[in-house]
Amino acid sequence: MATASIFDGNGIDARYREIREVYLSDNRPWVVGYSGGKDSTCALQMVWTALSSLPPEQRQKPIYVISSDTLVETPVIVRYIDVTLARIAAAAAEQGLPIKTEKVTPNVDRSFWVNLIGRGYPAPSRRFRWCTERLKIEPANDFIKGRVAEFGEVVMVLGVRSSESATRAQVMSFHRIKGSPLSRHSSLRNAFVYGPIESLSTEDVWTYLLQHPSPWGNDNRDLVAMYRNAQAGECPLVVDKTTPSCGNSRFGCWVCTVVERDRSMEAMIHSGEDWLEPLLEFRDLLAETQSPEKKKLYREFRRRSGQVSFINGTDTPVPGPYTLDFCKTLLHRLLETQVRVQRDAPPGDDTLLIHDAELHEIRRIWRAERGDWADSVPGIVRGVLGHDLNWVLEDAVTFTGEDARLLDAACAERGVPSELVVRLLDVERAAHGLKRRHAVHTRIEEVFRQEWRDLDVLLAERKAGRAINEADTGELEDGEELGLPLLEYGKRAAE
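Residues numbered from 1 in each chain as written. Predicted model: local features only at pLDDT ≥ 70, side-chain atom pairs only at ≥ 80, totals over all residues. Heavy atoms only, no water.

Undergrad: Sorry if this is basic, but what is going on with the environment of Leu44 here?
TA: Structurally, Leu44 is set in helix 2 (residues 38-52). A sequence separation of 152 residues divides Leu44 from Pro196, and the C-alpha atoms of the two residues are 9.1 Å apart. Discounting residues that sit within four places of it in the chain, Leu44 has contacts with Val32, Tyr34, Val65, Ile88 and Trp216. (Helix = DSSP H or I, 4+ residues; strand = E, 2+ residues; numbered from the N terminus. Contact = heavy atoms within 4.5 Å.)

Undergrad: Could you clarify how one ought to interpret the pattern of salt bridges in this entry?
TA: Where charged atoms from two side chains of opposite charge come close, those side chains can pair. Here the structure, examined in full by the defined rule, presents 29 salt bridges. Arg28 is paired through a salt bridge with Glu153; the nearest N and O atoms lie 3.5 Å apart. Of this pair, Arg28 sits in the loop between helix 1 (11-24) and strand 1 (30-33) while Glu153 sits in the loop between helix 5 (131-151) and strand 4 (154-157), placing them 125 residues apart in sequence. Arg28 gets classed as buried once you look at its relative accessible area, which sits at 17%. With a closest N to O distance of 3.8 Å, Arg302 and Glu419 form a salt bridge. Placement of Arg302 in the loop between helix 11 (295-298) and helix 12 (324-344) and of Glu419 in helix 16 (residues 418-431) is noted, with a sequence separation of 117 residues between them. In the salt-bridge network here, residues are joined through shared partners; they are Asp26, Arg28, Lys61 and Glu153. (Salt bridge = Lys/Arg side-chain N within 4 Å of Asp/Glu carboxyl O. Buried < 20%, exposed > 50% of the residue type's maximum accessible area, 1.4 Å probe, protein only.)

Undergrad: Just checking my understanding: could you explain the pairing of strand 6 (residues 191-194) for this structure?
TA: For a regular strand, side chains alternate in direction, first toward one face of the sheet and then toward the other. Burial of the side chains of strand 6 extends over both faces: Ala191 and Val193 are buried on one face and Phe192 and Tyr194 on the other. Bridge analysis of strand 4 against strand 6 gives four bridges, and the strand direction is parallel. In the strand pairing of strand 6, Val155 is matched with Phe192. Inspection of the sheet shows strand 5 (residues 182-184) paired to strand 6 by three bridges, in the antiparallel sense. Counted as the bridge partner of Leu182 is Tyr194 from strand 6. Between the end of strand 5 and the start of strand 6, which pair antiparallel, lie six residues, with Asn190 showing a positive phi angle near 65°. (Pairing = 2+ DSSP bridges.)

Undergrad: Is there a simple way to explain the confidence of the model for the protein chain in this structure?
TA: Atomic detail in the predicted coordinates should be set aside for any region of low pLDDT. Model confidence for the protein chain is summarised by a mean pLDDT of 84, while 83% of its residues fall at 70 or above. Every residue in residues 233-240 scores below 50 in pLDDT, and together they form 48 contacts with partners more than four places removed in sequence or on other chains. (pLDDT = per-residue confidence, 0-100.)

Undergrad: Please explain the environment of Ile117 as it appears in this structure.
TA: In this fold, Ile117 is placed in helix 4 (residues 112-118). Ile117 sits 245 residues away from Ile362 along the chain, and the two C-alpha atoms are 7.1 Å apart. Those residues in contact with Ile117, other than ones at most four positions away along the chain, are Cys327, Leu330, Leu331, Leu334, Ile362, Trp366 and Arg370.

Undergrad: When you look at the packing of helix 10 (residues 277-288) against helix 12 in this model, what are you seeing that I'm missing?
TA: In a pair of packed helices, the angle between the axes and the distance between the axes together describe the arrangement. Direction vectors running N to C along helix 10 and helix 12 enclose 165°, while the axes themselves pass 9 Å from each other. Compared by their axis directions, helix 10 and helix 12 come out roughly antiparallel. Viewed along their axes, helix 10 and helix 12 form a crossing whose handedness is left-handed. Every residue of helix 12 that contacts helix 10 at Pro278, Leu279, Glu281, Phe282, Leu285 and Leu286 is listed here: Leu330, Arg333, Leu334, Thr337, Arg340 and Val341. Each residue belonging to the contact of helix 10 with helix 12 can be placed in one class, and the counts come to eight nonpolar, one polar and three charged. (Axes fitted to C-alpha atoms, helices over the stretch in contact; angles between N-to-C directions. Parallel < 35°, antiparallel > 145°, perpendicular 65-115°, else oblique. Left-handed = near helix turned anticlockwise from the far one by under 90°. Nonpolar A, V, L, I, M, F, W, Y, C, P; charged D, E, K, R; others polar.)

Undergrad: Explain helix 1 to me, please; I cannot follow it from the model alone.
TA: Its 14 residues place the ends of helix 1 20 Å apart at the C-alpha level, agreeing with the 20 Å of an ideal helix rising 1.5 Å per residue. Within helix 1, the full set of buried residues consists of Gly11, Ile12, Arg15, Tyr16, Ile19, Val22 and Tyr23. Looking straight down helix 1, one finds that the buried residues subtend no more than 145° of arc, so they occupy a single side. Check the buried side of helix 1 and you find it contacts strand 1, helix 2, strand 2 (63-68), strand 5, strand 6 and helix 7 (202-211). (Expected span 1.5 Å × (residues − 1). Arc of directions from axis to C-beta.)

Undergrad: I keep staring at unusual backbone geometry and nothing clicks. Help me out?
TA: Glycine aside, residues mostly have negative phi, and peptide bonds are mostly found in the trans state. Even without a glycine there, the phi angle at Leu71 is positive, about 75°. At Asp375, a residue that is not glycine, the phi angle is positive and equals roughly 50°. Relative to the assigned elements, Asp375 resides in the loop between helix 13 (356-369) and helix 14 (376-385).

Undergrad: When you look at the sheet that holds strand 2 in this model, what are you seeing that I'm missing?
TA: The pairing of strands in a sheet comes from backbone hydrogen bonds and takes either a parallel or an antiparallel form. Judged by pairing direction, the sheet is mixed, and its six strands sit side by side in the order 3-2-1-4-6-5 without closing on themselves. Looking at strand neighbours, the two that pair on one side only are strand 3 (99-104) and strand 5, the edges of this open sheet. Averaged over all pairs of adjacent strands, the angle between their axes in this sheet comes to 30°, without regard to strand direction. In terms of strand pairing, strand 1 meets strand 2 through four bridges, oriented parallel. Bridge pairing links Val32 to Val65 in strand 2. Lying on the sheet, helix 2 is in contact with strand 1, strand 2, strand 3 and strand 4; it crosses strand 1 at an angle near 140°.

Undergrad: Hey, could you run me through the nonpolar core in this one?
TA: If you look at soluble globular proteins, the nonpolar side chains tend to sit buried side by side. Residues Trp30, Trp113, Leu116, Ile117 and Trp254 are the most contacted members of the largest nonpolar core, which totals 95 residues. Beyond its immediate stretch of four places on either side in the chain, Trp254 contacts Val72, Glu73, Thr74, Trp113, Asp262, Met265, Leu279, Phe282, Arg283, Leu334 and Leu353. Core analysis: the next-biggest nonpolar cluster, separate from the first, contains 15 residues, Ile66, Val104, Ala140 and Ile144 among them. (Core = buried A, V, L, I, M, F, W, Y, C linked by side-chain atoms within 4.5 Å.)

Undergrad: Help me understand the environment of Asp284, please; the structure alone is not making it clear to me.
TA: For Asp284, the location among the structural elements is in helix 10. The spacing of Asp284 and Arg261 is 23 residues in sequence and 8.2 Å in space, taken between C-alpha atoms.

Undergrad: Could you clarify how one ought to interpret the packing of aromatic side chains in this entry?
TA: Two aromatic rings, taken as a pair, are described by how far apart their centres are and by the angle between their planes. Under the counting rule described, the total for this entry stands at 15 aromatic pairs. Measuring from ring centre to ring centre gives 5.7 Å for Trp113 and Phe282, while their planes differ by 80°; the resulting arrangement is edge-to-face. On the criterion of sequence distance, the pair formed by Trp113 in helix 4 and Phe282 in helix 10 is long-range, its members being 169 residues apart. Per residue, the accessibility class of Trp113 equals that of Phe282, and both read buried. For the ring pair Trp206 and Tyr227, a centre distance of 5.2 Å and an interplane angle of 90° mean the geometry is edge-to-face. A residue pair is termed long-range when its members are at least 10 positions apart, and Trp206 in helix 7 and Tyr227 in helix 8 (residues 220-230) qualify at 21 residues. (Phe/Tyr/Trp six-rings, centres within 6.5 Å; stacked < 30°, edge-to-face > 60°.)

Listed below in structure tokens is the structure:
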């Protein structure tokens, strides 16, 4: 690689000197974002080398190296980061550096599988990228807020570069503190940002990593090989919405459907990691659900709010969450994928695609929010994995699959939507045994205000309303809301 300008003269020494000056200028602890990629590795290695030259009595301010694990990271990257964090902790203790490592993860109720399979969130897209904040921003920010509560203020050390992200460079420049290398964090109070490699080019980064051995014992040539095998860029530690999440060529979450093709996963498979192929197949299944002509096969026509909305000027409803039946299919396929991956993974790799805590939370959501009286999760887990988890036993106020079949038959006879009755019974069940039931009637009314009629009925009503409007005004109105909620429908019928 060509030698870049930072290596001319005393460029590297000047970088080290600035790092030491910033470190010694106050008592605010540092939180170093480490993603395992080239930029964060370069930033951490520069910080490590610069501070190693300080006398021990000046190396007292704590430094936290945090890595964000979304729980859906590519297994190869997870293994690399886990090994590296262990080496960092051991080497720091041996060399007398005040560095501690921490891996942050999303809360179970915010995890990818709980939202996608449990609540039915559709696979992320450019228009609805619900994953970044839940999986990356919140866990990192929770850790930072904890250190702020402990120390008053913190400095985030990030491997961001001006040449990598123009948006990020603009934001850092906007929040820059005059006369200081620090910037104010764009959203967190009492948090500041320091970018020790902000002015480096990509060539600078690779040149530095290849010319300076890793102080914690990694071989940086392995990092080069990983990039080469993945043909990928870096997924940085994301701490706010201005940080670029992942580009079109990157390694990171194996379930990512924001990109059309996961070229990094494809490249890893082609380079010999054949055991990852089931992950790519599952990821492609999720991507298929984004196809406009197939959305109606996988998703409800009602929104999560229970209302229905139409795309302006059409009779096509805006798709809602995945249907419960399709979520059951996804859970079954995911567990099968996990079995295949664990069977073919390299020795010592115990890849876990979904954790027990997530399965428990999915079961709770299906039972409490989605009318899964059949209690499907334990059966799916038993059928695929061949064993049971330590499932929580519910009280006597619990409906069963047989109850659901009886209810379906009774509702069919009377022309009442069984989903409506299920939801009403679930409201009553949730309030069972409470001394104060003042909120029950409010929740019941909320249920009635949701749309429970079939799509065919709504379309017929929509067509009739359009005909009446044409007769009255000679015009069509765009942006109509879907059919009336059941409560309003009943009122009109009574009138």
